[in-house]
Amino acid sequence: MNDVIEFDHVQGERAELKWERPVSFTMPRGALHLIRTRSTWSSPLLRLCLGFSEPSGGRVRVLGHEPGTLGRHAVRDFRRGMGCALEPDGLVANLTLRMNLTVPLVFASGLTTAEASERTDQILDIMHLTIWENSRPASMPLEVRQTAALARALSSRPALVLLENPLASVDTRETRRLLSLCRAQCESLLIATHRKDGILHEFADAVWEWDDDGFRVAA
Amino acid sequence: MATRELTLSGSFTALGGKARGTGDELLEGVRFVGSCVRAAISLPRNARSLSWRSLFMQVRFTAVDAMPIIAGLALLIGGLVIAQAHAQAVRFGVSEALGQLLATVIVRELGPLFAAIIVVARSGTAIASELATARVMGEVTALEALGVDPIQYMVLPRLIGAAISVALLAMYFDAIAIFGGLVATWFFAHLPPGDYLESLRLGMSTTDVLLVTAKGAMFGLGTATICSWAGLRAARTPAAIPQSVTRGVVIAMVFVFTVSAMFTIILAL
């Protein structure tokens, strides 16, 4: 089992059929794959990977599980092996940045408050977010929020990270630095984006194009 | 005739649909209570310190910050009830029973009820709007995506905090209302404070304190559960936030009055 993600003729979310052509692709362990598509399709695709919905046709396997078929507790345990930064970023408004990183480490990763705090310090430091640690999301600029969402996704050192339009407001140099960090901090990464700039492509092992003509390897 | 039948059948269909909707909501509410119980049982030991912190914040907001308004209200109600009761009591020659009247009407009934109403208005609305906003802004989904149980982190401290707060506020309300009654009896009935307090002592027992605490805890728990449920089931549009708040507050008010009436009926049997 070398593939962390397998989509086999997947035909959209069960509740709302959205794709005319089924999607098939695999992503091997240790790879960074980039899917270039419209925003209305990237969210359902990542939701399928996280087990928020079931496909209306075909099969989705992520980290050896079919997420849509898992029970309530099993799906929570399954998600604990992953990190994600979706749109909107979902940073908790009434928590400081530090607490936004600490809470998932304590409640999901099972760390003690002291261990979580230590890990939070590390991730704040490497992401250059320490000066924002006591700020609440509403007082942070957009690029800081996006970096913070990425920091939260990476904080538990997950086996697989799913990112939706990451770092869209971050400058090129910082994006490059943060993507290098992502590669160092987690094993496999799937990025879904509508952006066509080259920075994300530089880091990707494979780039997929997904539009009305179907899902295919980008030219 | 055909039109009338159609209208009648349409009305029945609408009524049936509404009844079904209400039944589904009730079932959903019961499931939510079950989820809260399960979340409480499975709360990880390492998460308790963070939960205590949230609980402390909830008690501070719900109980401590509400103390001035509760004090003002209790003073007025204690005084007004006694002033009104005194006029009637003099007519029937039972002025010495004013303390007992205060114990029955205010301590057992109005204290917990008013404390709960204030908490529904202040904290119930805050809980429902915070959680609905968290749902709309994707905070709940983000936490779920990271493997955090939103009920464990967001709901449990609010439920326990509200239960503790309303129990404390009900007793606080009673204490201030008794003081208000004392001032009113002294002013209107010229009853010596010693006689008033003796009359109150005769009208109250330890059971009343337990009853007030139990009622307050139940009102607080119910209010926070209903408002959390209403907030978390909000649709992901900004317009859903005020709708969730309204729904939560209305159901919580109905809950508070119903439970209060049930307590009174059961104790009267």
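Note that the structure is predicted; figures quoted are calculated from it, not measured. (Residues numbered from 1 in each chain as written. Chains lettered and ligands numbered in written order. Predicted model: local features only at pLDDT ≥ 70, side-chain atom pairs only at ≥ 80, totals over all residues.)

A. Spatial organisation of the overall build of chain A. Each helix and strand in chain A was counted, giving 7 helices and 9 strands. Taking all 219 residues of chain A together, 42% fall into the buried category. Restricting to contacts in chain A with at least 6 residues of sequence separation, those with at least 24 account for 68%. (Helix = DSSP H or I, 4+ residues; strand = E, 2+ residues; numbered from the N terminus. Buried ≥ 20, exposed ≤ 12 C-beta atoms within 10 Å, placed from the backbone. Contact = placed C-beta atoms within 7 Å.)

B. Seen up close, the packing of helix α4 (residues 98–136) of chain B against helix α8 (residues 206–232) of chain B. Residue and element names in this part refer to chain B. Two numbers describe how α4 lies on α8: the axes approach to 8 Å, and their chain directions differ by 20°. By the angle class used here, α4 and α8 are roughly parallel. The way α4 lies across α8 gives a crossing that is right-handed. Residue composition of the contact of α4 with α8, grouped by class: 18 nonpolar, 8 polar and 5 charged. (Axes fitted to C-alpha atoms, helices over the stretch in contact; angles between N-to-C directions. Parallel < 35°, antiparallel > 145°, perpendicular 65-115°, else oblique. Left-handed = near helix turned anticlockwise from the far one by under 90°. Nonpolar A, V, L, I, M, F, W, Y, C, P; charged D, E, K, R; others polar.)

C. A look at unusual backbone geometry. Residues and elements named next belong to chain A. Here the residue pair E87 and P88 is connected by a cis peptide bond, since its omega of -5° sits within 30 degrees of zero. Inspection of the secondary structure assignment puts P88 in the loop between β5 (82–85) and α3 (97–107). Phi at H9 takes a positive value of approximately 50°, unusual for a residue other than glycine. As for its placement among the helices and strands, H9 is situated in strand β1 (residues 3–10). The exposure class of H9 is exposed, given the 12 C-beta atoms found within 10 Å. Phi angles above zero are rare outside glycine, and H128 is one such case at about 60°. Residue classification places H128 among the partly exposed residues on the basis of 15 C-beta atoms within 10 Å.

D. The arrangement of the interface of chain A and chain B in detail. Chain A puts 19 residues into the contact, and the matching count from chain B is 17 residues. Listed by contribution, the elements that provide at least two residues to the side of chain A that touches chain B are α2 (72–79) and α3 of chain A. Considering every element that reaches the side of chain A that touches chain B, the biggest residue donor is α3 of chain A, with 4 residues. The class makeup of the residues in the side of chain A that touches chain B is 12 nonpolar, 4 polar and 3 charged.

E. Spotlight on helix α4 (residues 113–126) of chain A. Residue and element names in this part refer to chain A. For α4, spanning 14 residues, the distance from its first C-alpha to its last is 20 Å, which sits close to the expected 20 Å at 1.5 Å a residue. All of the buried residues along α4 are A116, T120, I123 and L124. Down the axis, α4 shows its buried residues gathered within 100° of arc, on one side only. Seen from the open side of α4, the exposed residues pointing more than 90 degrees away from its buried face are A114, E118, Q122 and D125. At its buried positions, α4 is contacted by α3 and α5 (142–154). Just past α4, the residue H128 takes up positive phi, approximately 60°. (Expected span 1.5 Å × (residues − 1). Arc of directions from axis to C-beta.)

F. Here's a closer look at the sheet that holds β5 of chain A. All names here are of chain A. A sheet is described by the order of its strands in space; here 6 strands give the open sequence β5-β6-β7-β3-β8-β9, paired in mixed fashion. Looking along the sheet, the strands with just one partner apiece sit at the ends: β5 and β9 (214–217). Geometrically, the sheet is characterised by an average inter-axis angle of 15° between neighbouring strands, direction not taken into account. Across 5 bridges, strand β3 (residues 32–36) lies against strand β7 (residues 188–193) in parallel orientation. Bridge assignment links I35 to a residue of β7, and that residue is A192. (Pairing = 2+ DSSP bridges.)

G. Just the pairing of β1 of chain A, in detail. Residues and elements named next belong to chain A. Here β1 runs beside strand β2 (residues 23–28); their pairing, made up of 5 bridges, is antiparallel. For E6, the partnering residue across the bridge sits in β2 and is T26. Here β1 pairs with strand β4 (residues 59–62) via 4 bridges, running antiparallel. Across the sheet, residue E6 finds its bridge partner in β4, namely R61.

H. The confidence of the model for chain A, seen in detail. In this model, chain A carries an average pLDDT of 91, and 97% of its residues clear a pLDDT of 70 or more. Across chain A, the secondary-structure element scoring lowest on mean pLDDT is helix α7 (residues 198–203) of chain A, at 84, and the one scoring highest is α3 of chain A, at 96. (pLDDT = per-residue confidence, 0-100.)

I. Molecular detail of the domain arrangement of chain B. Residue and element names in this part refer to chain B. Per the domain assignment, the segments of chain B are domain 1 (1–42) and domain 2 (48–268). Look at where the C-alpha atoms of domain 1 and domain 2 centre, and you get two points 29 Å apart. Opposite the 7 residues of domain 1 that make contact, domain 2 presents 8 residues. Broken down by class, the residue content of the side of domain 1 that touches domain 2 amounts to 5 nonpolar, 2 polar and no charged. (Domains from an automatic or database assignment.)

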